Amino acid sequence: MSEVSERIRVLLVDDQELFRKGVSMVLGSDPGLDLVEVTGGEEALAQVADNPPDVVLLDVRMPGRSGVEICAAIKETSPSTGIVMLTASDDESDLYDSIKSGASGYLLKDGSTYEEVGRAVRLVASGQSLISPAMATKLLEEFVQMSQASSSQPGNLTSRELQVLRLVARGLSNKEIAVELYISENTVKNHVRNLLEKLQMKSRMEAALYAMRSKLVDDV
């Protein structure tokens, strides 16, 4: 079995030099990653427009435009780019706003090693989502509080899209879903894109939480 030939393109966006250099030292030495680092949101947007990365590591709070705003702008420019918020902020509103803006992950700097950051990059690049355990309960509680404000009906999703949504909620990657449903990985990607569009959501994590909140995974 051959090694994956394509390197994962990673953009690191953080204005804190010490932390940025620490992450850069670890990720930059990984032969499977191609790392570019910038210090601000506008630089990040220019990089994404010029050469869209596979994964962006983005701080929530930076000078100028917030990380949440930059996250949303990146998803507008490059919807396929996965975004991990890598931050010191454990504020619930930052967490929720990040996910609503399209982030696929949320890691606390104080609770994550550089190696764990590398693992998050690979998980998000493979189509999965990741969140620091300390923040997971807060995020679920936030979505539960919203449950009565939004419909629990899965709308006009097809039966196949519902199957895919349930498997996304179980944490399966696109490749794993393809194996489970005996379809191609590209077909899975199309289903995920379509169901996100129908549900008016920007990330797999948001869709997974929707499925859990709506009890669409009870029978899986």
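The numbers attached to residues start from 1 for each chain and follow its sequence in the written order. Local features in this predicted model are restricted to residues of pLDDT 70 or higher, and side-chain atom pairs are both shown and tallied only at a pLDDT of 80 or more, whereas totals for entire chains, interfaces and linings draw on every residue. Side-chain numbers here rest on the full set of heavy atoms in the structure, without hydrogens or water.

Let us look at the side chain of Arg-204. Secondary structure elements follow DSSP: runs of H or I no shorter than four residues count as helices, runs of E no shorter than two count as strands, and numbering proceeds from the N terminus. Note on placement: Arg-204 falls in helix H10 (residues 204-213). Exposure classes here rest on a 1.4 Å probe applied to the protein chains alone. A residue is buried below 20% of its type maximum, exposed above 50%, and partly exposed in between. Only four residue types enter the tally: Lys and Arg on the positive side, Asp and Glu on the negative side, with His and both chain ends excluded. A side-chain nitrogen of Lys or Arg and a carboxyl oxygen of Asp or Glu constitute a salt bridge if their distance falls within 4 Å. Of the side chains with opposite charge, Glu-176 lies nearest to the buried Arg-204, which makes no salt bridge, at 7.5 Å. At a separation of 3.0 Å, a polar atom in the side chain of Arg-204 contacts the main-chain carbonyl oxygen of Leu-172. Here a polar contact is taken to be a pair of N or O atoms separated by no more than 3.5 Å, where protein atoms must pair a possible hydrogen donor with a possible acceptor and residues adjacent in sequence count only if both atoms sit in side chains.

A few words on the environment of Asp-59. Among the structural elements, Asp-59 can be located in the loop between strand S3 (55-58) and helix H3 (67-77). Under the relative-accessibility criterion, Asp-59 is labelled buried at 3%. Sequence-wise, Asp-59 and Asp-15 are 44 residues apart; in three dimensions their C-alpha atoms are separated by 8.0 Å. Any two residues whose heavy atoms approach within 4.5 Å at even a single point are treated as in contact. If near-sequence neighbours (up to four positions away) are discounted, Asp-59 is found in contact with Val-13, Asp-14, Asp-15, Gly-67, Met-85, Leu-86, Thr-87, Ala-88 and Lys-109. For Asp-59, the side chain forms a polar contact with the side chain of Thr-87, separated by 3.2 Å. Side-chain polar atoms of Asp-59 contact the side chain of Lys-109, separated by 3.3 Å.

Time to look at the packing of helix H2 (residues 41-50) against H3. For helices, the fitted axis covers only the stretch in contact; all axes are lines through C-alpha atoms, and the angles between them, taken along N-to-C directions, range from 0 to 180 degrees. Interhelical geometry of H2 versus H3 gives an angle of 10° and a closest axis separation of 10 Å. As far as their axial angle goes, H3 and H2 are roughly parallel. Across the interface between the two elements, Gly-41, Leu-45, Val-48 and Ala-49 from H2 touch Ile-70, Ala-73, Ile-74 and Thr-77 from H3. Under the scheme applied, nonpolar residues are Ala, Val, Leu, Ile, Met, Phe, Trp, Tyr, Cys and Pro; charged residues are Asp, Glu, Lys and Arg; polar residues are all the others, including Gly. Per-class residue counts for the contact of H2 with H3 are six nonpolar, two polar and no charged. For classification purposes, angles smaller than 35 degrees are called roughly parallel, those larger than 145 roughly antiparallel, those between 65 and 115 roughly perpendicular, and all remaining angles oblique.

As a further point, take the sheet that holds strand S2 (residues 33-38). Strands are labelled as partners when DSSP assigns at least two bridges between them. With parallel pairing, the six strands of this open sheet are ordered in space as S2-S1-S3-S4-S5-S6. In the strand order of this sheet, the two ends are held by S2 and strand S6 (130-131), each with one partner. Across six bridges, strand S1 (residues 8-13) lies against S2 in parallel orientation. Within the sheet, the bridge partner assigned to Ile-8 lies in S2 and is Leu-33. Contacting S1 and S2, H2 runs over the sheet at an angle of about 160° to S1.

Purely spatial values, then, with no claim about function.
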